[in-house]
Amino acid sequence: MRNLFAKYKEVILGLLILILLTVSWLLYASTLKHDFQNEIISSLEEVSTQGKSILEKEINGKLELLTEVSRRIGFYTADNYEEAAAMLAATAQENGFKRMGVITADGTTYTTDHVHMDLSDRPYYRKGLAGENSVSDPLVDREGSETIHVYAVPVYHNGEVTAVLFGTYDINEMRRQLEVTSFGGRGYTYIVNKEGNCIVDSTNSYSYPNMQNIFTSMEAEDRKNQAIADRMKVDFENGQDGCVRFMNKGIQYMYYRPLPINDWYLLTVAPASVLDSKMNAVLGRTYLLGVFMVLIFAGILVYILKDQKRRKAELMHSLYTDEITGGYSFAKFQVEAEKKIRRAEAGSLSLVSLDIDDFKFINELLGYEEGNHLIRYIHGVLAGWCGGEEIFAHQSADMFVALVDGHDHDALCRRLEELCSRLQSYSIWPQNKLAIVPAMGIFQLREKSLTLDFCLDCAGIARKSRKGQFAVHYAFYDERVKEQIYRDKRIEAVMKSALENGEFKAYYQPQYDAESKRVVGAEALVRWARPDGEIVSPGEFIPLFEKNGFISELDRHMFRIVCEQQKEWGNRGYAVVPVSVNVSRKLLYDLNFVEKYNRILTETAVEVQNVEVEITESVFFDNQPRLLDAIRHLHQSGYRILLDDFGTGYSSMAMLKDMSFDTLKIDKSFVDNIGDERGNKIVDGIIRLAESLELSTIAEGVETREQYEYLKAHGCDVIQGYYFGRPMTAEAFGMLLSSQTAGR
Ligand code: C2E
Ligand code: CA
Ligand code: CA
């Protein structure tokens, strides 16, 4: 559910806003409608007020007129009413009365038109006699058949009601008074009494024709009017005014209010179509605007959503594409690899982690363009090497990962060899034969439940386990490898403090002149004396330090303690011999390393001929200008340089050709083969070669008398090895020097 919301968050939000907008719009429209209706009601009310005041004025005017006339009649005595009635004729005509007359207390009637009738049963007559002014409900004229109203007032003579004065009025007259044009002629008015019986009806075409009773007419017109009529009846009963919408050829508004005459009600009516037309126009526009706005909003929403989708796609593309190679990004690899792992059966996949030894230096030396070029090259090689279903990606810097198929270990090894040789066919610097050294770690996914992260870690651990071993290009993950990594981590955690605490000591392995068997030199070899008394050999930590760069500090430290030791031996008066220190190839990248060494010499006041420098021949540095530089620098400062492990690298000969070493150290592997015919020949050859290049020779790892004899017989200058002496503490070597000094 939550996922669903997250996925369609924008859509849901947009729809909510849309609904909110619509609802608030409808609310607004309904308020507007309500306001309009109120306005309609108030305009109806206004028309009704006008009608009422017209009627009141009219009726009161008539009654006042009659009162005025009755006063004059009051002067007549009853027997003169005939005369009085004759006098009324002019007034009647003047004021639009159909007839005027006087009805005496005994019921005799005198009229302006001299008709004699008995009107003593009429209610207005009784009211008049009681001293009341009145207007009658519609009556049928007893003379003729028109419907009439009768206005009546009492006639006083000497303070007593002696007669009733009346004026008859055609009902049509009153209707005419009421028919003021309202609502463009479509509005009309009724007068009804409390029971709804018609007092004055309307001839307006929108009104009920021949209306007798408003309620009956309403109920007859439409059943919906029933409830409205009921409400009106209640209001009528209570003398209340009000407004209703009812049906009469469409919806009509009716305002009703009581009149202060009898129990009459004035009904002012107008068709809704008139009243609503303005409202509908405004509402129509409002709705239209609303719809328009909703459409615009919806349009914007759709645009935003589409744009977002596009951006997402773009983002996905950039996220899933590697910038340098244009292939899968690591993120994409992770997604695809996880899918592949889920699908595959256990043991059928292997994860390969690949990088290039010293890529950092390639980048630094040749620039990032060249570095990127190499990365693209590796990508290309992987593309050709991986099968259709296999996936691979550039992970970071020079790191690549590949998830490959296959159960068979040997087949995988063959494929890896093939990959190595393809990678190595790349020459960064063709004229200088700078080759790249791939490093691979392989983790075979034997179980199903492993996470990709875990597999990547293991492949990485396997790759790192190779540690600067140039000839070994790939390593499989096993528990031993993991142990190694943890060991390395533990070493790295303490190496700095160990250096500060002086735990790294120099052991000295004496070098003997082959002829005289005198000590003519020594090689300083590092030993790590742990606080718990354990002495750790360099093989355990030098490769790690070479990888993490700490070797430079260690080498400098070694150089310093060797110098300090030499100084001390000199001070004791021993015949000091040159001590050679090992310099890691990493140190050579530091252009100032010779200056730093010189400073140490100055600080410890040691002569430059008392220390020598051993440089291992290296694959990577073949013919490097940097190495040439370093050698030139060292020579300029007066150091003798020893070429260590001669014969183990790939390009010993090339190095000898271009670089001026002083001494060549014949590697133990050659010395080991002395006694064997071919071995002898090789050692012999190396010595001849050194002689021809005017280099002195030191044989390393001499363990037997036979080896020593052979080397001496064939002109090797100096011997180093267990046969004469193992690496020893400074104290032990000091004693050796001291005894030699004494025996001089
Ligand atoms: P390396 O420079 O070739 O040092 C000679 C190694 O051979 C030393 O091992 C030494 O103890 C051993 N060795 C000497 N004579 C014999 C022998 O007759 N038989 C046998 N089996 N071995 C013999 P060590 O001291 O374990 O040093 C190993 C490597 O560690 C050195 O090889 C060197 O590459 C490196 N190393 C040692 N100290 C330093 C240092 O201070 N700086 C640097 N950068 N590397 C060092
Ligand atoms: Ca050495
Ligand atoms: Ca060596």
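Looking at an unreviewed UniProt entry, the protein chain carries the name Diguanylate cyclase/phosphodiesterase, with the source organism given as Hungatella effluvii. Under the Subcellular location (unreviewed entry) heading, UniProt states for the protein chain: "Cell membrane".

Colleague: Which parts of the structure should I look at to understand the UniProt feature "transmembrane region" (unreviewed entry) in the protein chain?
Modeller: Here the UniProt-annotated "transmembrane region" (unreviewed entry) positions come out as residues 287-305. Each end of residues 287-305 is marked by a C-alpha atom, and these two atoms are 26 Å apart; helix forms 100% of the span and strand 0%.

Colleague: Help me understand the state of the cysteines in this model?
Modeller: Two cysteines, two sulfur atoms, one covalent bond between them: this is a disulfide. Taken as a whole and assessed by the stated rule, the structure comprises zero disulfides. We note that Cys420 lacks a disulfide partner, and the nearest cysteine sulfur, in Cys413, lies 11 Å from it. For Cys420, a relative accessible area of 3% corresponds to the buried category.

Colleague: What should I look at first to understand the domain arrangement of the protein chain in this one?
Modeller: How big an interface is tends to be stated in terms of the accessible area lost upon association of its parts. Here the protein chain is described as being made up of domain 1 (1-61 + 281-316), domain 2 (74-173), domain 3 (179-275), domain 4 (330-477) and domain 5 (491-742). Taking the mean C-alpha position of each, domain 2 and domain 5 sit 155 Å from one another.

Colleague: Help me understand the packing of aromatic side chains, please; the structure alone is not making it clear to me.
Modeller: The relation between two aromatic rings is expressed through the spacing of the ring centres and the mutual angle of the planes. Tallying each qualifying case throughout the model produces 32 aromatic pairs. Aromatic pair Tyr474 and Phe476: ring centres 6.1 Å apart, planes at 85°, arrangement edge-to-face. Relative accessible area serves as the criterion here: at 17%, Tyr474 is assigned to the buried category. An aromatic cluster is built from Phe504, Trp528, Phe541, Phe545 and Phe550, whose rings are joined through pairwise contacts. Sitting above the plane of the Tyr328 ring, Lys332 keeps its charged end 5.7 Å from the centroid. Above the plane of the ring of Trp385 lies Arg415, whose end atom (NZ or CZ) is 4.3 Å from the centre.

Colleague: I tried to follow the packing of helix α9 (residues 330-343) against helix α13 (residues 452-464) on my own but got confused; where do I start?
Modeller: For any two helices packed against each other, one specifies the inter-axial angle together with the distance between the axes. Between α9 and α13, the shortest axis-to-axis distance is 10 Å and the interhelical angle comes to 110°. By the angle class used here, α9 and α13 are roughly perpendicular. Across from Phe330, Gln334, Ala337, Glu338 and Ile341 in α9, the residues of α13 making contact are Leu452, Asp453 and Leu456. Its residues assigned to classes, the contact of α9 with α13 comprises five nonpolar, one polar and two charged.

The rules behind the values
Residue numbers restart at each chain and count upward from 1, following the sequence in its written direction. Naming scheme: in the order in which they are written, chains are lettered from A and ligands are numbered from 1. Predicted model: local features are reported for residues with pLDDT of at least 70 only, side-chain atom pairs are reported and counted for 80 or more only, and whole-chain, interface and lining totals are derived from all residues. Excluded from the side-chain calculation are hydrogens and water; included are all heavy atoms of the structure. UniProt positions are given in the numbering used here, feature names are shortened, and annotations may be inferred rather than shown by experiment. For the purposes of this entry, the term helix denotes a DSSP run of H or I that reaches at least four residues, the term strand denotes a run of E that reaches at least two, and both are numbered from the N terminus. The term disulfide is used for any two cysteine sulfur atoms that are within 2.5 Å. Each residue is placed in one exposure class: buried if its accessible area under a 1.4 Å probe, protein chains only, is under 20% of its type's maximum, exposed if it is over 50%, and partly exposed if it falls in between. What fixes the domain bounds is an automatic or database domain assignment. Between rings of Phe, Tyr and Trp, where Trp is taken as its six-membered ring, a pair exists when centres lie within 6.5 Å; planes separated by under 30 degrees are stacked, by over 60 edge-to-face, and by other angles tilted. Charge over a ring is defined by NZ of Lys or CZ of Arg lying within 6 Å of the ring centre and within 35 degrees of the ring normal. Here an angle of 0 to 180 degrees is reported between the N-to-C directions of two axes, which are lines fitted to C-alpha atoms, with helices fitted over the stretch in contact. The labels follow the angle: roughly parallel below 35 degrees, roughly antiparallel above 145, roughly perpendicular from 65 to 115, and oblique for the rest. The contact criterion used is simple: two residues touch if any of their non-hydrogen atoms lie within 4.5 Å. Under the convention adopted here, Pro, Cys and the residues Ala, Val, Leu, Ile, Met, Phe, Trp and Tyr are nonpolar, Asp, Glu, Lys and Arg are charged, and Gly plus all remaining residues are polar.

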